[in-house]
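The chain contents come next:
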Amino acid sequence: MRMDGMPGAMLETVAKARMLGKSPVGAWLRLHDWIWRRLPRSIAALRPIDSYGRFLHSLALLHADREMYLGTFFFRNRSELELIGRLSEPAARRRPVKIAVLGCSNGAEVYSIRWTLRAMQPGVQLAMQAVDISRSALECAREGVYSLGVSELVREPICAMMTAEEIREMFDGDGERLAVKPWIKEGITWHAGDAGDPRMRDALGPQDIVVANRFLCHLAPPDAERCLRRIARLLAPGGHLFVSGIDLDVRTKVARELGWKPLPDLLEGIHEGDRSLRADWPCKYWGLEPLDKTRPDWGIRYASAFQVGEKG
């Protein structure tokens, strides 16, 4: 039997085991995390090792105390940004493209999307709306002023994935304090709110593209599933949903039941494109498992972009 095929009840028993009132699983996962990060990729890809990694990740999902985390980067997934640009082109030829970014944190993803689309389509008109439940994060995003080093708010070096040229084109200022250029900040509306609030559709209106990345993994699976179903209602018929940083079982279940069409374009590039998520697998609950084409459902399981509904 494969390690990742351990029955759920048995796995949950292991995850919740206690010794002298304490769980040994946390220490065990930390040790394996240290080991895994030092494994050569060729070794980690071997079937028995990969199978053991999937077992570890299943254990991490059951063991974790999930909490909201604001960590983010500029230009975090370039393949994803490219696909957003491609999908926006048909609407952009006729009118402003409506894009909502949920769980926008300090605004890095919002500004990355806006900068990328303007670079791909210089004359594009965008109607962007950004939502986060954290008012401190939203205020930071609205202000658009960042540190070149580690951000105190999100505890990440948010410019680490940018080139020096991109930093010059995105920001004014030099040294440690960087301000997003005014033209990039134009046309963005910021909202404080819960992405899963059923009233969100009335607040935002139907969208061409909804981006709901890297926050649903911090919710318990039933809550994440409920939230994702509500998020899908924000799209106009035939609109496109980007959703990564979520338990893959949850996303696959909802996509199947609601009949979403997974987009094959850049699927593998997007899956591998966020190296922070890939690097944290298998011992962190938010880590992203390696793409496995031997799975019969791989085309939907590993898709991060979907068409929702049909255009009228």
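Our structure is the block above this text.
Procedures and definitions
Residues numbered from 1 in each chain as written. Predicted model: local features only at pLDDT ≥ 70, side-chain atom pairs only at ≥ 80, totals over all residues. Heavy atoms only, no water. Helix = DSSP H or I, 4+ residues; strand = E, 2+ residues; numbered from the N terminus. Expected span 1.5 Å × (residues − 1). Buried < 20%, exposed > 50% of the residue type's maximum accessible area, 1.4 Å probe, protein only. Contact = heavy atoms within 4.5 Å. Polar contact = N/O pair within 3.5 Å; in protein donor to acceptor, adjacent residues only side chain to side chain. Pairing = 2+ DSSP bridges. Axes fitted to C-alpha atoms, helices over the stretch in contact; angles between N-to-C directions. Patch = residues over 30% accessible without salt bridge, like charges linked within 9 Å, V, L, I, M, F, W, Y side chains within 5 Å. Areas by Shrake-Rupley, 256 points an atom, 1.4 Å probe, with all protein chains shown as cover. Salt bridge = Lys/Arg side-chain N within 4 Å of Asp/Glu carboxyl O. Right-handed = clockwise from strand over helix to strand, strands pointing away. Arc of directions from axis to C-beta. Phe/Tyr/Trp six-rings, centres within 6.5 Å; stacked < 30°, edge-to-face > 60°.

(A) Spotlight on helix α5 (residues 78-92). The end-to-end C-alpha separation of α5 is 20 Å, in line with the 21 Å expected for 15 residues at 1.5 Å each. Those residues of α5 not exposed but buried are Ser79, Glu80, Leu81, Leu83, Ile84, Gly85, Ser88 and Ala91. Residues of α5 that are buried in the fold lie against β1 (97-102), α6 (108-120), β7 (207-212), β8 (235-242), α13 (267-273) and β10 (305-308). The N-capping residue of α5, defined by a side-chain oxygen 3.4 Å from the backbone nitrogen of Ser79, is Asn77.

(B) Region of the structure containing the sheet that holds strand β9 (residues 261-262). Taken together, seven strands build an open sheet; the order of strands is β6-β2-β1-β7-β8-β10-β9 and the sheet is mixed. Pairing within the sheet leaves two strands with one partner each, and these edge strands are β6 (188-192) and β9. Strand direction decides the pairing type here: strand β2 (residues 126-132) and β6, joined by five bridges, are parallel. Across the sheet, residue Gln129 finds its bridge partner in β6, namely Thr189. Contacts between α6 and the sheet are confined to β1, β2, β6 and β7, with β2 contributing the most and set at about 165° to the helix. In the packing of helix α7 (residues 135-143) onto the sheet, contacts are made with β2 and β6, and the angle to β6 comes to roughly 165°.

(C) Structural context of the environment of Leu62. Mapped onto the elements of the fold, Leu62 is located in helix α4 (residues 47-63). Taking relative accessible area as the criterion, Leu62 reaches 34% and is therefore assigned partly exposed.

(D) Region of the structure containing unusual backbone geometry. Backbone torsion omega between Trp281 and Pro282 reads 10°, so that peptide bond is classified as cis. Residue position: Pro282 is located in the loop between α14 (275-279) and α15 (298-301). Its identity is not glycine, yet Arg214 carries a phi of approximately 60°, on the positive side. Along the chain, Arg214 falls in the loop between β7 and α11 (221-232). Exposure remark for Arg214: the relative accessible area of 11% places this residue in the buried category. Within the chain, Leu266 stands out as a residue other than glycine whose phi angle is a positive 60°. Mapped onto the elements of the fold, Leu266 is located in the loop between β9 and α13. Here Leu266 falls in the partly exposed class, since its relative accessible area comes to 24%.

(E) Molecular detail of a nonpolar patch on the surface. Where nonpolar side chains cluster on the molecular surface, the patch consists of Leu31, Trp34 and Ile35 and spans about 310 Å² of accessible area. Along the chain, the position of Leu31 falls in helix α2 (residues 25-36).

(F) Quick peek at the side chain of Thr116. Note that Thr116 resides in helix α6. Reaching out from Thr116, the side chain makes a polar contact with the backbone oxygen of Ser112 at a distance of 2.8 Å. Residues within four places of Thr116 in sequence aside, it is in contact with Phe75 and Leu81.

(G) Seen up close, the pairing of β8. In terms of burial, β8 is largely enclosed, as seven of its eight residues are buried. Bridge count for β7 against β8 is four bridges, and the pairing is parallel. Among the inter-strand pairings, Ile209 is bridged to a residue of β8, identified as His240. Assessed by its sense of winding, the connection that carries the chain from β7 through α11 to β8 is right-handed. Pairing analysis gives four bridges linking β8 to β10, with the strands arranged antiparallel. Directly across from Gly239, in β10, lies its bridge partner Val308.

(H) Region of the structure containing α7. Buried within α7 we find Ala137, Leu138, Cys140 and Ala141. With its buried residues spanning 160° around the axis, α7 presents them on a single face. Check the buried side of α7 and you find it contacts α6, β2, β3 (145-147) and β6. At the C-terminal side of α7, Gly144 shows a positive phi close to 70°.

(I) Highlighting the packing of aromatic side chains. All chains considered together, the criterion is met by 11 aromatic pairs. One aromatic cluster in this structure is built from Trp28, Tyr52 and Phe55.

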